[in-house]
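# Fold and contact review
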Amino acid sequence: MAERVISVRVKRMTDEAERIKSYELVPLDGGGLDPFTAGSHIDLHLPNKMIRSYSLLNDQRERHRYVVAVNKDAASRGGSSFLHDHVRVGDTLTVSAPKNNFPLYEDAELSVLIAGGIGITPLLSMIRRLEFLGRRWDLFYAAKARAAAAFLDEIGSLRPNVHLNLQVDVDDERSGRMFDVASIVKQAPAQAHLYCCGPAPMLKAFEAAAADRPQNSVHVEYFQARETPVLEGGFEVRLARSNRTIAVEAGKTILDSLLEAGLTPNYACSQGVCGTCETRVLEGTPDHRDQYLSEEEQASNKTIMICCSGSRTRTLVLDL
């Protein structure tokens, strides 16, 4: 089933930090947008045919706009560069309905938020929600330089709040000291819920430090792939609903092969992070390479991320 999308207009673009711009998106018809919850993201369908996922950073009570922030990554595959270089105020974009793979547990006694770089965006939405609810939260925020740390003024305006413990750990101001994720996790109260969003090394350190905590109190959001996609090829995917069989050749992913065959599966990040391309497996054994499914979900082999994962069996039967 095709994903529902809507058209929005770029109402405002703001320079939030070095190489980071925010985009305020409003509905073309002036009506309300689909609701979302803190931690949600939307998929932007760009005019260059790319689809990219970006976290919503505004207050979840707002129905008149979506706000995202985009870091112009030097290693951009075309999404962030296109937005920075070509999108302007007044342009029309197509976006998906919000999805949430990184939900906030609103009843936690304390929420410990750990951000690295552009990973502040979903956590900023969480902060807004926690402030509205009057819940306790601590924020630990790392950036390569103060000029690269977005939303500092806005976060700083919350300093009078007694629940705030803002620590901006900036690389160029700490003489080579590593951002001590393990210490933050160790010092967090046992009943706290912990959230981390940032570059892959930070997330890896966070997951290792939090390995002994209850799984349901530890939450991560990946923006980039941790593993390389399966490109060996040499297998086929049989599409149960379409009654077609597609060969996956070396150098191509399942998604590549389906698109080349004229099919239109849902997808966005193309890195196994956002979950948009999750597809039910009817027969065969996937070779999982995503960061979306839990270890238990991968072991069950019930679904696969077709953008990056492959097959351990000669044939993989998918519910497509």
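It should be emphasised that the depicted structure is a prediction, and the values quoted were computed from it without experimental measurement.

Conventions adopted
- Residues numbered from 1 in each chain as written.
- Predicted model: local features only at pLDDT ≥ 70, side-chain atom pairs only at ≥ 80, totals over all residues.
- Heavy atoms only, no water.
- Helix = DSSP H or I, 4+ residues; strand = E, 2+ residues; numbered from the N terminus.
- Rg over C-alpha atoms; globule rule 2.2 N^0.38 Å.
- Buried < 20%, exposed > 50% of the residue type's maximum accessible area, 1.4 Å probe, protein only.
- Arc of directions from axis to C-beta.
- Pairing = 2+ DSSP bridges.
- Patch = residues over 30% accessible without salt bridge, like charges linked within 9 Å, V, L, I, M, F, W, Y side chains within 5 Å.
- Areas by Shrake-Rupley, 256 points an atom, 1.4 Å probe, with all protein chains shown as cover.
- Salt bridge = Lys/Arg side-chain N within 4 Å of Asp/Glu carboxyl O.
- Lys, Arg positive; Asp, Glu negative; His and termini not counted.
- Charge placed at Lys NZ, Arg CZ, Asp CG, Glu CD.
- Axes fitted to C-alpha atoms, helices over the stretch in contact; angles between N-to-C directions.
- Domains from an automatic or database assignment.
- Contact = heavy atoms within 4.5 Å.
- Buried area = accessible area lost by both parts, 1.4 Å probe.
- Polar contact = N/O pair within 3.5 Å; in protein donor to acceptor, adjacent residues only side chain to side chain.
- Core = buried A, V, L, I, M, F, W, Y, C linked by side-chain atoms within 4.5 Å.
- Phe/Tyr/Trp six-rings, centres within 6.5 Å; stacked < 30°, edge-to-face > 60°.

This part is about the overall build of the chain. Helix and strand counts for the chain stand at seven helices and 18 strands. Since a compact globule built from 320 residues should have a radius of gyration of about 20 Å, the 20 Å found for the chain is in line with a globular shape. Taken along the three principal axes of its C-alpha coordinates, the chain extends 60 × 50 × 35 Å. Considering the chain as a whole, with its 320 residues, one finds that 49% of them fall into the buried category.

Attention shifts here to helix H5 (residues 200-209). Those residues of H5 that sit buried are Met202, Leu203 and Phe206. Along the axis of H5, the buried positions cluster into a sector of 95°, meaning they face one direction only. Those residues of H5 that are exposed and angled more than 90 degrees off the buried face are Pro201, Lys204 and Ala208.

A few words on the pairing of strand S1 (residues 5-17). Judged from the five bridges that link them, S1 and strand S6 (residues 92-96) form a sheet pairing that is antiparallel. Across the sheet, residue Val5 finds its bridge partner in S6, namely Ser96. Between the antiparallel neighbours S1 and strand S2 (residues 20-27) lie two residues, among them Arg19 with a positive phi of about 70°.

Attention shifts here to a negative patch on the surface. A surface patch of negative charge is lined by Glu278, Glu295, Glu296 and Glu297. Among the elements that line the negative patch, the one with the most residues is helix H7 (residues 295-300), at three residues. Tracing the sequence through the fold places Glu297 in helix H7.

A few words now on the sheet that holds strand S18 (residues 315-318). One open sheet accounts for five strands, arranged S13-S12-S18-S14-S16; its pairing is mixed. Whereas interior strands pair on both sides, the edge strands pair on one side only; in this sheet they are strand S13 (244-248) and strand S16 (303-305). Geometrically, the sheet is characterised by an average inter-axis angle of 40° between neighbouring strands, direction not taken into account. Summarising the sheet, strand S14 (residues 278-283) and S16 pair through three bridges and their orientation is antiparallel. Looking across to S16, one finds that Arg280 is bridged to Thr303.

Side-chain positions along a regular strand alternate between the two faces of the sheet. Burial analysis of strand S4 (residues 51-55) places four of its five residues in the buried class, which makes it a mostly covered element. Taking the residues between adjacent antiparallel strands as the criterion, strand S3 (residues 41-45) and S4 are bridged by five residues, where Lys49 takes a positive phi near 80°.

Taken domain by domain, the chain consists of domain 1 (5-96), domain 2 (110-221) and domain 3 (235-318). Of the residues lining the interface, seven residues belong to domain 1; the matching set on domain 3 comes to seven residues. At the boundary of domain 1 with domain 3, total buried surface from both sides reaches about 500 Å², with 41% on carbon and sulfur atoms. If you look at where domain 1 meets domain 3, you find zero salt bridges. Along the contact surface separating domain 1 from domain 3 lie two residue pairs in polar contact (both at pLDDT 80 or more). Listed by contribution, the elements that provide at least two residues to the side of domain 1 that touches domain 3 are S3 and S4. Broken down by element, the residue count for the side of domain 1 that touches domain 3 peaks at three residues, all from S4.

Right, let's get into the nonpolar core. The biggest cluster of nonpolar side chains holds 44 residues, and the ones touching the most others in it are Val112, Ile114, Val237, Ile254 and Leu318. Aside from chain neighbours lying at most four places away, what touches Leu318 is Val237, Arg238, Leu239, Ala240, Ile254, Thr279, Arg280, Val281, Leu282, Ile304 and Ile306. Ala69, Leu104, Leu123 and Ile127 belong to the second-largest nonpolar core, a separate cluster that totals 28 residues.

For the coordinates displayed, the defined rule picks out 17 salt bridges. The closest approach of N and O atoms between Asp43 and Lys99, which form a salt bridge, is 2.4 Å. With a gap of 56 residues between them, Asp43 in strand S3 and Lys99 in the loop between S6 and strand S7 (110-116) connect regions that are remote in the sequence. Using a relative accessible area of 22% as the deciding quantity, one classes Lys99 as partly exposed. The salt bridge involving Asp59 is made with Arg61; its shortest N-O contact spans 2.8 Å. On the basis of relative accessibility, which here comes to 48%, the residue Arg61 falls in the partly exposed class.

Before going further, it helps to spend a moment on the packing of aromatic side chains. Counted according to the given criterion, the structure contains two aromatic pairs. Seen in terms of ring centroids, Phe36 and Tyr66 are 6.1 Å apart; in terms of plane orientation they differ by 75°. Their pairing is edge-to-face. Here the residue Phe36 occupies a position in the loop between S2 and S3, and Tyr66 occupies one in strand S5 (residues 66-71), the gap between them amounting to 30 residues. Pair check on accessibility: Phe36 and Tyr66 agree, each one buried. Relative to Tyr195, the ring of Phe102 lies with its centre 5.9 Å away and its plane at 75°, an arrangement referred to as edge-to-face.

So, on to unusual backbone geometry. The backbone phi angle of Arg19 is positive, close to 70°, even though this residue is not glycine. Phi is positive for Phe151, which is not a glycine, with a value near 65°.

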